There are 4 protein chains.
Amino acid sequence: MSGSTFGTFFKISTWGESHGKALGVVIDGCPAGLPLIEDDIQEYLNRRKPGQTKISTPRREDDLVEILSGTFEGLTTGTPISLIVRNTSQKSRDYSEIASYYRPGHADYTFDQKYGFRDYRGGGRSSGRETIGRVAAGAVAAKILKELGIELLAYTKSIGPVEINESAFDKGAIRQTSTCMPDYNADQKAVEYLASCMAEKDSAGGIIECRIQGVPAGIGEPVFEKLDANLAKAIMSIGAVKAFEIGDGCRVSAAHGSSNNDSFVSEKGTISKKTNHAGGILGGISDGGEIIFRAYVKPTPSIFQEQETVNKDGENIRICIKGRHDPVIVPRAVVVVESMAALTLADAMMANMCSRISYLKGFYTHRN
Amino acid sequence: MSGSTFGTFFKISTWGESHGKALGVVIDGCPAGLPLIEDDIQEYLNRRKPGQTKISTPRREDDLVEILSGTFEGLTTGTPISLIVRNTSQKSRDYSEIASYYRPGHADYTFDQKYGFRDYRGGGRSSGRETIGRVAAGAVAAKILKELGIELLAYTKSIGPVEINESAFDKGAIRQTSTCMPDYNADQKAVEYLASCMAEKDSAGGIIECRIQGVPAGIGEPVFEKLDANLAKAIMSIGAVKAFEIGDGCRVSAAHGSSNNDSFVSEKGTISKKTNHAGGILGGISDGGEIIFRAYVKPTPSIFQEQETVNKDGENIRICIKGRHDPVIVPRAVVVVESMAALTLADAMMANMCSRISYLKGFYTHRN
Amino acid sequence: MSGSTFGTFFKISTWGESHGKALGVVIDGCPAGLPLIEDDIQEYLNRRKPGQTKISTPRREDDLVEILSGTFEGLTTGTPISLIVRNTSQKSRDYSEIASYYRPGHADYTFDQKYGFRDYRGGGRSSGRETIGRVAAGAVAAKILKELGIELLAYTKSIGPVEINESAFDKGAIRQTSTCMPDYNADQKAVEYLASCMAEKDSAGGIIECRIQGVPAGIGEPVFEKLDANLAKAIMSIGAVKAFEIGDGCRVSAAHGSSNNDSFVSEKGTISKKTNHAGGILGGISDGGEIIFRAYVKPTPSIFQEQETVNKDGENIRICIKGRHDPVIVPRAVVVVESMAALTLADAMMANMCSRISYLKGFYTHRN
Amino acid sequence: MSGSTFGTFFKISTWGESHGKALGVVIDGCPAGLPLIEDDIQEYLNRRKPGQTKISTPRREDDLVEILSGTFEGLTTGTPISLIVRNTSQKSRDYSEIASYYRPGHADYTFDQKYGFRDYRGGGRSSGRETIGRVAAGAVAAKILKELGIELLAYTKSIGPVEINESAFDKGAIRQTSTCMPDYNADQKAVEYLASCMAEKDSAGGIIECRIQGVPAGIGEPVFEKLDANLAKAIMSIGAVKAFEIGDGCRVSAAHGSSNNDSFVSEKGTISKKTNHAGGILGGISDGGEIIFRAYVKPTPSIFQEQETVNKDGENIRICIKGRHDPVIVPRAVVVVESMAALTLADAMMANMCSRISYLKGFYTHRN
C-alpha cells in the first residue's frame, strides 16, 4: 500500500533512503507557468541542513537539488516535476551494528514487523533524511502560495523548558539563530540547555509554531477534509511529532464558551474577529484570520547513554548508540513543518476553486 | 470538491443536514460475510443520543437507523451498505433568526464565504448531527475490528478542570455516567461543575481519551500514511476538536530522550516495551502495544450570554442565542471519537495486507 | 475494496440491489448554487424506464427519486446530495430458482467466487437496476455542464445488423422511438428485427453513440488521466459494454497517417480542424471539436432458450431462464452512457481549473 | 491536477520529457521481499527500444535504467522504488521549427490550450518516450504477477491490412520479428507493407492483442472498478490508442445472446466455460478463464508528406515534418500494452485481498 504520496491536486510522491543512492520527490499537479529554478528549492533544503553550531551534528550534508523534469525555459510546464538530491557523504560502515538490534524510540522494530526486514543503514526510509522530498516539494508549494499572497512562517517556540518570549518576537532571528527561535535571548538559553543535555548524554524535545497569513476565508472542505484536519495529518506525519494543536489548542479543554468564542466585528465593510482563539479556522474552513498551529516534537531518540533493548534473536541486551546525532530535532524540523503546511494549503486552495457553480461559470467564461 | 468521503479501502461517504429529511452514510468496501443487523448500528447511535440528565439538551432525538442495501440474510455482501436515519423531531421555526447573523464559534460565516449561502437550519451540515453518519459507519468498522481481536475504548478524561483519577478507573462507569467518565466520583464533580457553567449561561470543554487494544505490530504505512497521522486527521475532523496527541503527546516537548524512549524487552519469545510513552506507534507503524490518544474539545459555542457579532448586512450587533444546547460537547462526542478511530484502523488493517510479497503469495495459494 | 465510487472532484457513490429496499447515490463535490429539484433528475430516470412497447419488458418500474440532502430552497448547498429511489415492484419469489445455478453471461459465478455468496434476487448488485444511481447523478452532472455550455447527446446507432442512416439523422426521433434511434426508418427495421429475435427466444446487441458539443479545448490531463481514457473507463464500467472507441476508433488500425491526421485550419482567428478522425481529443486533451465515441453492447444474456450451465453443487445442468427480460439492452442503456459521459466530463472540467498559475491568481484576485 | 499517477495500491508516478534530463517513475506500494535488480527492468525497456530494422527509426536510444531507492540487498523493501533513465542521445536542435506550429495528429495544440505553452522539444511530455516510466514500472508489476502464477503476453495482431494467422500462432516469433507478430509469414508481409507506406511518405496503424493467463476467478471490483473498465482506462491512456475491446469486443453488437453467452461446464469439480466470448471477465470480475483484449493503434501522425496546419500566429501554413519517425507505432507499443495490463492487474490482485471478512481473519490469524 502506498504511503509516500500526499495531496489530491498538488500531489507529491517522495522516495529515498538515508544511505541509498539519492532521495527525491515527484510533484504531479503543479500549475503551468510558475517561474521555478533550482535556487528556489535549494533555499529550503539549506534550511534543513545541519549547521556549524554546537547543537547540531558535524555531519556534512551537501544536499544539492537537481530539477530533472517539468520545467522549460525557467517555467513549470504543468507536467510532473522530478527533483533529486544525490547522497554523497553517507557511509554504510557506521551502521553495521544497529542491523542486529532494535533502537528504542526508533522504527527499527516496527519496520521489521511490517516488512520482514529493513534497510538498516542510517534508518533507511525512517531516517530524518526522508524529509528532503517533503521540503523540496514544500518549496514549490510555498512559491505558489506566495503568488496568491500567502506567507508561512514557522519557528521554534520552545526547546525543553526554554520558551520564547512573545513580546520579544523578532522574525529576523529565526534564520540567524541555531535554534530557529525568533528571540535571541531564548536562543542563548536553549543553546545552554542543550549543552547540558549533551553533557548528560541526553536529548531534548520542543515545540514548533507555524503562522500563515493571507489565507482568504472559505478554504478547506467540510466534514473530513477540514483544513485543520489535513494540517494535523500533514504535521503528525513528520517523524517525532507527537501532538498537534490549532489556535488555543489543548487549552480549550479548560476554557469557557464565553472566553473561547471569537466575536465577529465589522469595520468599513470588512468582517474580522476580535480575537483568534480558533486559530483562523472555523468548522474546518479558514475564516480569513491568521492560521496558527503548533507541533510538539519528541527528544531525539538516539542518545549516547546505555539503553536496554532486544536484538533480532530476541535476546535482552544493553546498547550504546554511536555515531553523530543532534541533541534536538526541533530546529531542523522547522522548515519541514513549514513545508508540510505549504503542501496542505496549496492543495486546499486548488480544491476550493469549484465550490460554487458561479466560480465554474466565471472561470470558463472569462479565463482567456 | 468532495469532503464528506473518508477512507481508501473501507470508504465512507456521509450526507445530511441537521434539519433536512434524513442523514446517512454509504459504506463502500466492507468485506462480505460480516454478520450485520440494524441493532449493531443502533447501539452506537444510541450512545450519541442526548440523555435525560441535567447536562444534556432536552431535545428528543430518536435516531433510528435503517439498512437500505449491502446485506442479505443478515450478512454483508461486499456491496455498498447504505444506512439512513430519518429526521423526525427537527423543527425549522426555531432557527429563523440565526439566518441573519454569524454565531461566534460556529461555521456560519465560513460556510457563507465558501458557498455564498448556507442551510442555516440548525447549523445545516456543520451541525453535530453530521456525526450520525460517522457513528453508523464506525459501528460497522468496530464490528470488523472485533472479528480481528481489536477493541476500542473511548471515554471522557476531563471536563473543564475536573479530571478522572486514573487509579479509580472503572470501565463500567463509562456508559453509566452522563459524562461518560470512567470514574463515578469525577462524574459527580463534573456534573456539579457543568451546573455552575449553566447557571452562568456558559459552557465547558474537555478531553476525550481513546485506548485501542489488540492491534498487531506492523499496522500503518510509513511517511504520509502513518497510523498516528491518519488518526490525527480523523479526530481533528470532528467539529470542536482543537488538539490531538498520541502517547505522552504534548509532554514530549519538555522530556528527555532518556525518559521518553521506551525500552524493548523480550519475555518468552515475545517482544514488548517496558513503557508506552510512544502510545503504541513508532515511525507511524503500530508496535503491538496499546494505542492511546487524546482529543481536546472546545466548549459548546452556543451559549446564552449576550455576544457581539456581525449580521449579513455587515452591521455590528449583539445577540442572545436561543434554543436548547448542551453545556458541554464532550460526552456525546466520545462515541464519535471511538467511531473515527475504528474507521481509521479498519482501513489501516486492510492496507497492510499487501505489505509483503509473501503475504500475497500465501493469500492466493491458500485462501480457499 | 470500494468499487462503487466514481470521480475525484465530482465524486459519486452509488448503492443498492435490484430487489433491496432502495437504490441511490451520494454526490460529494457538487458546487453550491446550482438550481436542482427532483424533476431535473426524474427526467433522466424516466429515460431508463422500460417503455410500453413490444421490445421492452412489461415490468412496471416507477422509479421515483427523492432528494434527501444537499439542497436548500431549490439550490445545491455544496454539501453531499443524497438521492434515493425506493424499490416498489420487485418481487423476490420469481428468483428462487436462480439462486441454485450460474446463469451464462451473468455475474452469478464471479460474485460467488469473489464474495463467497451473493444476493441472487434479480441479480442483486449486478442487475441493470444498479444504473439508477449513475443516471440520477448523471442528471446533476449534465445540469452543471449545461451551465458551462456543454450538451451531450447519446442514441442508438445500431441494433444487430440494423444501423441508422447518418443522412437521415433526426435528433427528435431519439426520445420518440422505442429503440432510441435518431432515424424512424431504422427504428422500424430494428423493432422488426427484435421481434424475430424474440420469436426465436433470442436476444440482440447493438451500438450506442455519444456526441458532446461545447467542450472547450484543454480539458483532460496528460498521461493517465486522459479524457478519452477516463471516458473509456466510465463507459466500460457499464455492464454489457464490451468495446469502446473514440473518433474513428477501430478503423484507425487500417488507416494511413495521411488520411487519419486532422489538419488544423484558422478562420477569422479561430482555430479548428478540417476533419475529426480524432473524435475531439488529441493527446488525451480536448481540442475544441465535437467529442464522439461509441459503446458496443452485448446481447441480453437472459434468453428463453435452453442453456447449459453448472449449479452450485458443481453439476452440469440444462436451464430455461424465466421472467421478463428485454430482448436488447441498448435503448435503456443510452441514458446510462450519456450519464457516465456527463460524470466524466464534469470531473474533468473541474480538474482543469488549476492547470495554470495564472488561473489560480486570476481566480483568487477576481472571484468576488 | 495530477495526471501522471496510476493505481491505488500499486501506485506509480511517471515523469520526464522527451528531451529533458531524464525520465523515470516512482513506484509507491510495491510489497517487500520481491527480488528486483536492474536487469529485471532493463529487459522490458529493451523491448520498447527501436530496433535495427527497416521499419524503425535509426535513432539510438540506450535507455539504461538505474534503481535509486526501494531495494536493499536485491530485495524490495516496501518503500518507494525510484527508477531513472537518463536522456543521452536527444538533441534539441532538430526541433526548433515545430515550436512555431501545431503538428496534425499531435498534442501540440491541446497542450498549448491547456497550459499556455509547451516544451516543444521532441513532443515534450506527449512524446512516446513518456512510456519509459510505464514500462519500467510494468516490469516490476509483471514480476509480482509472475510470483502469483500470472503471465501476460502481448503481440501485434495486425499492421494495416496484414493480420496474423491464428492457426500459425508462434509465440517465439513475437520477440524475434521486428513487428512483434507471432507469425513469421505475416511479419514478412507487414514489413513489405510498411516499406510501401514509407515509399509513399505515409504511415500505418494496427492492432495489439494481449492475453493474460493464470488470473484466478474473483478479481476486479463491481460497478466502477470493474477489471475490464480499468484495463480500458489503462490501455486508452497510451497515446495513439483509439479503441479498446475485450473478448469478442465490437463483434458483440451484431451477435445473439445464444451465440454470445459462454456456457459453464464442470469437469472433475472444476468449473470453467465452454467458450470465451466474454474474454475472461463477467460483471467486471475475472471468471478464471484467459483474459483477452485488443488495442487499436492509429498510424504515426508524423509523416513526411506535406500537410496543412496552423502556426502559433494563427496563420494557415503548409508544413513538411522532418526528423526520424517510425512508420508504425504498434511494435514498440506492444510492451507498453503489456506493462499497463500488468499494472492494472497487480493493483486488482491487491484490492481483492479484503473482499471477504474470512480473508481478513485468516490473514491476521495465520500470516506469521
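Going by the structure above, here's the rest.
Calculation notes
- Residues numbered from 1 in each chain as written.
- Chains lettered and ligands numbered in written order.
- Predicted model: local features only at pLDDT ≥ 70, side-chain atom pairs only at ≥ 80, totals over all residues.
- Heavy atoms only, no water.
- Salt bridge = Lys/Arg side-chain N within 4 Å of Asp/Glu carboxyl O.
- Helix = DSSP H or I, 4+ residues; strand = E, 2+ residues; numbered from the N terminus.
- Pairing = 2+ DSSP bridges.
- Phe/Tyr/Trp six-rings, centres within 6.5 Å; stacked < 30°, edge-to-face > 60°.
- Buried < 20%, exposed > 50% of the residue type's maximum accessible area, 1.4 Å probe, protein only.
- Lys NZ or Arg CZ within 6 Å of the ring centre and 35° of its normal.
- Least-squares fit on C-alpha atoms with pLDDT ≥ 70 in both.
- Contact = heavy atoms within 4.5 Å.
- Axes fitted to C-alpha atoms, helices over the stretch in contact; angles between N-to-C directions.
- Buried area = accessible area lost by both parts, 1.4 Å probe.
- Polar contact = N/O pair within 3.5 Å; in protein donor to acceptor, adjacent residues only side chain to side chain.
- Nonpolar A, V, L, I, M, F, W, Y, C, P; charged D, E, K, R; others polar.
- Expected span 1.5 Å × (residues − 1).

Colleague: Please explain the pattern of salt bridges as it appears in this structure.
Modeller: A side chain of one charge can pair with a side chain of the opposite charge if their charged atoms are brought near each other. Evaluation of the coordinates by the stated rule reveals 134 salt bridges over all chains. Across the pair Glu66(D) and Arg86(A) runs a salt bridge, and its minimum N-O distance is 3.5 Å. Taken together, the residues span two chains, with Glu66(D) in strand β4 (residues 65-67) and Arg86(A) in strand β7 (residues 81-86). Within the structure, one salt-bridge network assembled from shared partners comprises Lys157(A), Glu163(A), Glu166(A), Glu209(A), Arg211(A), Glu245(A), Glu290(A) and Arg294(A).

Colleague: Got a minute to help me understand the sheet that holds strand β10 (residues 206-213) of chain A in this structure?
Modeller: What links the strands of a sheet is backbone hydrogen bonding, and the strands pair in either a parallel or an antiparallel sense. What the 10 strands build is an open sheet, ordered β9(A)-β8(A)-β10(A)-β16(A)-β11(A)-β11(B)-β16(B)-β10(B)-β8(B)-β9(B); its pairing is antiparallel. Of all strands in the sheet, those with a lone pairing partner are β9 (162-163) of chain A together with β9 (162-163) of chain B, marking the two edges. In this sheet, strand β10 (residues 206-213) of chain B lies alongside strand β8 (residues 151-159) of chain B in antiparallel orientation, the contact comprising eight bridges. Counterpart to Leu153(B) in the pairing with β10(B) is Arg211(B).

Colleague: Whenever I open this one, the packing of aromatic side chains confuses me. Can you help?
Modeller: To describe a pair of aromatic rings, you give the distance between the ring centres and the angle between the ring planes. Considering all chains together, one arrives at 42 aromatic pairs over all chains under this definition. On the basis of an interplanar angle of 80 degrees and a centroid distance of 5.0 Å, the ring pair of Tyr155(B) and Phe169(B) is categorised as edge-to-face. Of this pair, Tyr155(B) sits in strand β8 while Phe169(B) sits in the loop between β9 and α4 (184-199), and the two are 14 residues apart along the sequence. Note on Tyr155(B): relative accessible area 0%, which makes it buried. For the pair Phe363(D) and Tyr364(D), a centre-to-centre distance of 4.8 Å together with 85 degrees between the ring planes defines the contact as edge-to-face. For Phe363(D), a relative accessible area of 7% puts it in the buried group. A relative accessible area of 15% means that Tyr364(D) is categorised as buried. Among the aromatic residues, those joined into a cluster by ring pairs are Tyr102(A), Tyr109(A) and Phe264(B). A cation sits over an aromatic face here: Arg211(B) above Phe169(B), 5.9 Å from the ring centre.

Colleague: I tried to follow the environment of Lys233(A) on my own but got confused; where do I start?
Modeller: Following the sequence through the fold, Lys233(A) ends up in helix α5 (residues 227-236). In sequence terms Lys233(A) and Ser2(A) are 231 residues apart; their C-alpha atoms lie 16 Å from each other.

Colleague: What is the right way to look at the relation of the copies chain C and chain D in this model?
Modeller: Rotating chain C by 180 degrees and translating it 0.0 Å along the rotation axis places it on chain D, where the RMSD comes to 0.0 Å. Viewed as a symmetry operation, the transformation between the two copies matches a two-fold axis.

Colleague: Which parts of the structure should I look at to understand the sheet that holds strand β3 (residues 22-28) of chain D?
Modeller: All names here are of chain D. Ordered in space as β1-β2-β3-β7-β4, the five strands form an open sheet in which the pairing is antiparallel. Two strands bound the open sheet, and with one partner strand each, they are β1 (5-6) and β4. Two elements, β3 and strand β7 (residues 81-86), share six bridges in a ladder whose sense is antiparallel. By the bridge assignment for β7, Val26 is matched with Ser82. Across the sheet, helix α1 (residues 38-47) is in contact with β4 and β7; its angle to β4 comes to roughly 150 degrees. Running over the sheet, helix α3 (residues 131-147) touches β2 (11-16), β3 and β7 and is turned about 35 degrees from β3.

Colleague: When you look at the interface of chain B and chain A in this model, what are you seeing that I'm missing?
Modeller: Much of the literature gives interface size as the accessible area that the parts lose upon coming together. Counting from both sides, the interface comprises 105 residues of chain B and, opposite them, 104 residues of chain A. Roughly 8400 Å² is buried in total at the junction of chain B and chain A, and carbon and sulfur atoms are behind 60% of that figure. It is Met1(B), Lys114(B) and Phe224(B) that lose the most area in chain B upon contact with chain A, and together they represent 11% of the buried surface on that side. Here chain B is connected to chain A by six salt bridges. One salt bridge in this structure joins Lys233(B) and Glu225(A), with 3.0 Å as the shortest N-O distance. For the interface between chain B and chain A, the tally reads 57 residue pairs in polar contact (both at pLDDT 80 or more).

Colleague: Any chance you could explain the interface of chain C and chain D here in plain terms?
Modeller: Between chain C and chain D, the residue contacts involve 105 residues of the former and 104 residues of the latter. Both sides together, the interface formed by chain C and chain D hides about 8300 Å², and carbon and sulfur atoms give 60% of it. Of all residues in chain C, Met1(C), Lys114(C) and Phe224(C) give up the largest surface area on contact with chain D, accounting jointly for 11% of the area buried on that side. Ionic pairing is found between Glu308(D) and Lys274(C), a salt bridge with its closest N-O pair at 3.1 Å. If you look at where chain C meets chain D, you find 57 residue pairs in polar contact (both at pLDDT 80 or more). Here the side of chain C that touches chain D takes seven residues from helix α2 (residues 108-115) of chain C, the largest share from any one element. When the residues that make up the side of chain C that touches chain D are grouped by side-chain class, the tally is 46 nonpolar, 39 polar and 20 charged.

Colleague: Please clarify how the pairing of strand β12 (residues 264-267) of chain D should be interpreted in this entry.
Modeller: Along a regular strand, successive side chains alternate from one face of the sheet to the other. Residues and elements named next belong to chain D. Inspection of the sheet shows β12 paired to strand β13 (residues 270-273) by four bridges, in the antiparallel sense. Within the sheet, the bridge partner assigned to Glu267 lies in β13 and is Thr270. Taking the residues between adjacent antiparallel strands as the criterion, β12 and β13 are bridged by two residues, where Lys268 takes a positive phi near 50 degrees.

Colleague: I tried to follow helix α7 (residues 330-351) of chain C on my own but got confused; where do I start?
Modeller: Compared with an ideal rise of 1.5 Å per residue, which puts 22 residues at 32 Å, α7(C) spans 31 Å between its outermost C-alpha atoms and is within 8% of the ideal. With 22 of 22 residues buried, α7(C) is to be regarded as a mostly interior element.

Colleague: I'm lost on the environment of Arg47(B) in this one. Help?
Modeller: All names here are of chain B. Locating Arg47 in the fold gives a position in helix α1 (residues 38-48). By relative accessible area, which is 18% here, Arg47 ends up buried. Separated by 177 residues in the primary sequence, Arg47 and Phe224 have C-alpha atoms spaced 33 Å apart. A distance of 3.0 Å separates a polar atom in the side chain of Arg47 from a polar atom in the side chain of Glu338.

Colleague: Please clarify how the side chain of Ser13(B) should be interpreted in this entry.
Modeller: Take Ser13(B): it is sitting in strand β2 (residues 11-16). On the basis of relative accessible area, Ser13(B) is assigned to the buried category, the value being 2%. One polar contact links Ser13(B) to Thr5(B), side chain to side chain, over a distance of 3.2 Å. Of note is the side chain of Ser13(B), whose polar atom sits 3.3 Å from the side chain of Ser13(C).

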